[in-house]
Amino acid sequence: MNKKILTIGGIIVLIAVAIVFFSTNKNTQPSEPTPSASSTVPVGLYTLADVAQHATQPDCWMAIEGKVYNVTSYVDKHPGGKAILLGCGKDATILFNTRPDGPGTPHPAEARQILQQFYVGDLKT
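Residues numbered from 1 in each chain as written. Predicted model: local features only at pLDDT ≥ 70, side-chain atom pairs only at ≥ 80, totals over all residues. Heavy atoms only, no water.

(A) Inspection of the overall build of the protein chain at higher detail. For the protein chain, the count of helices and strands is 4 helices and 6 strands. Listed by position from the N terminus, the elements making up the protein chain come as α-β-α-β-β-β-β-α-α-β. When each of the 125 residues of the protein chain is scored for burial, the buried share is 27%. When contacts within the protein chain are restricted to residue pairs at least 6 apart in sequence, long-range pairs at least 24 apart make up 64% of them. Surface exposure of the protein chain reaches about 8300 Å², of which carbon and sulfur atoms provide 64%. (Helix = DSSP H or I, 4+ residues; strand = E, 2+ residues; numbered from the N terminus. Buried < 20%, exposed > 50% of the residue type's maximum accessible area, 1.4 Å probe, protein only. Contact = heavy atoms within 4.5 Å. Areas by Shrake-Rupley, 256 points an atom, 1.4 Å probe, with all protein chains shown as cover.)

Put into structure tokens, the structure is as follows:
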């Protein structure tokens, strides 16, 4: 009987340690947005047809001023909310420079700096 209790207690302790370990690792992600989805994509040349294949919230690429960006991991962090989805799968240069669903002004320099983190290649013309 005591052996069974010790075995069950040991299993419970192992499960608790595993839960703590895995939950701690999840909480160590950086607070700044990172291009986790784009980091596995080689930098290259892409056509608008290539970009159009990534036109959803869980897979969002866009072209801006001749550059292609995989902003998938930033969609939920975008300060303008879901407005970023308007550019998924397209040349979003005009959207980025005019923000028609927002103040109607270009994105600030800070947004351009953030955008660089998601660069995957150039737009083939």
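(B) Highlighting the environment of Val-71. Relative to the helices and strands, Val-71 resides in the loop between β4 (67-70) and β5 (90-91). Here the alpha-carbon distance between Val-71 and Gln-117, two residues 46 residues apart in the chain, equals 8.8 Å. Other than its neighbours up to four places away in sequence, Val-71 contacts Cys-60, Met-62, Ile-84, Leu-115 and Phe-118.

(C) Quick peek at the pairing of strand β6 (residues 119-123). Direction of pairing for strand β1 (residues 44-46) relative to β6: parallel, over a ladder of 3 bridges. Its bridge partner being in β6, Tyr-46 is matched across the sheet by Leu-123. Note that β4 and β6 share 3 bridges and pair antiparallel. Following the sheet pairing, Lys-67 is matched in β6 by Asp-122. (Pairing = 2+ DSSP bridges.)

(D) Molecular detail of the packing of aromatic side chains. Considering all chains together, one arrives at 3 aromatic pairs under this definition. Arranged with centres 5.2 Å apart and planes meeting at 90°, the rings of Tyr-46 and Trp-61 form a pair that is edge-to-face. With Tyr-46 in strand β1 and Trp-61 in strand β3 (residues 59-64), this pair connects stretches of sequence that are 15 residues apart. For Tyr-46, a relative accessible area of 12% gives the class buried. An angle of 65° between the planes, with centres 6.1 Å apart, marks the rings of Tyr-69 and Tyr-119 as edge-to-face. With a gap of 50 residues between them, Tyr-69 in strand β4 and Tyr-119 in strand β6 connect regions that are remote in the sequence. According to the relative accessible area criterion, Tyr-69 is buried, its value standing at 3%. (Phe/Tyr/Trp six-rings, centres within 6.5 Å; stacked < 30°, edge-to-face > 60°.)

(E) Main features of the side chain of His-54. By the secondary structure assignment, His-54 is in the loop between α2 (48-52) and β2 (55-56). Sequence-distant contacts of His-54, defined by excluding residues within four places in its chain, comprise Asp-59, Cys-60, Trp-61, Cys-88 and Gly-89.

(F) Inspection of the side chain of His-78 at higher detail. Within the secondary structure layout, His-78 lies in the loop between β4 and β5. Relative accessible area serves as the criterion here: at 17%, His-78 is assigned to the buried category. Excluding anything up to four places from it in sequence, His-78 contacts Ala-83, Ile-84 and His-107.

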